[in-house]
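Take a look at the letters that make up each chain.
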Amino acid sequence: MPYSINKKKCLRCGLCIKGCPENAISGIEHREKDGLILYDTNIDPMKCSDCGVCVSHEYWCPAQAIYKVTT
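Residues numbered from 1 in each chain as written. Predicted model: local features only at pLDDT ≥ 70, side-chain atom pairs only at ≥ 80, totals over all residues. Heavy atoms only, no water.

Caption draft 1: Layout of the overall build of the protein. Helices and strands together make up the secondary structure of the protein, namely 2 helices and 4 strands. Relative to a compact globule of 71 residues, whose C-alpha radius of gyration would be 11 Å, the protein shows 12 Å and is just as compact. Within the protein, buried positions represent 31% of all 71 residues. Counting 9 positive and 8 negative side-chain charges, the protein places the averaged centre of each group 4 Å from the other. (Helix = DSSP H or I, 4+ residues; strand = E, 2+ residues; numbered from the N terminus. Rg over C-alpha atoms; globule rule 2.2 N^0.38 Å. Buried < 20%, exposed > 50% of the residue type's maximum accessible area, 1.4 Å probe, protein only. Lys, Arg positive; Asp, Glu negative; His and termini not counted. Charge placed at Lys NZ, Arg CZ, Asp CG, Glu CD.)

Printed below as a string of structure tokens:
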């Protein structure tokens with residue numbers, strides 16, 4: 001898998017889900033009591049094309065929780 005999400009750094013905002021051109025990032029939506037929507041996100045290695053868009057713009061991940069996996 002080219003990219004992964006650091007679950008400890010992730011803000012669960014869902015911006016990466018909307019920004020991925022390959023639809024490789026998905027999330028399960030959780031609505032909090034105060035109406036805030038948070039996402040448990042995952043990157044599908046079969047869909048990820050290693051394009052780098054998820055890490056190329058700071059606004060895709062304000063917490064910079066997405067990182068390139070190196071072997």
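Caption draft 2: Main features of the pattern of salt bridges. For the structure on display, the rule yields 2 salt bridges. A salt bridge links Asp40 to Arg12; its shortest N-O distance comes to 3.3 Å. Taken together, the residues Asp40 in strand E3 (residues 37–43) and Arg12 in the loop between strand E1 (3–5) and helix H1 (15–19) connect sequence positions 28 residues apart. Judged by relative accessible area, which is 27%, Arg12 ranks as partly exposed. Across the salt bridge formed by Asp50 and Lys68, the nearest N and O atoms sit 2.8 Å from each other. You can see Asp50 sitting in the loop between E3 and helix H2 (53–56) and its partner Lys68 sitting in strand E4 (residues 66–68), a full 18 residues away along the chain. (Salt bridge = Lys/Arg side-chain N within 4 Å of Asp/Glu carboxyl O.)

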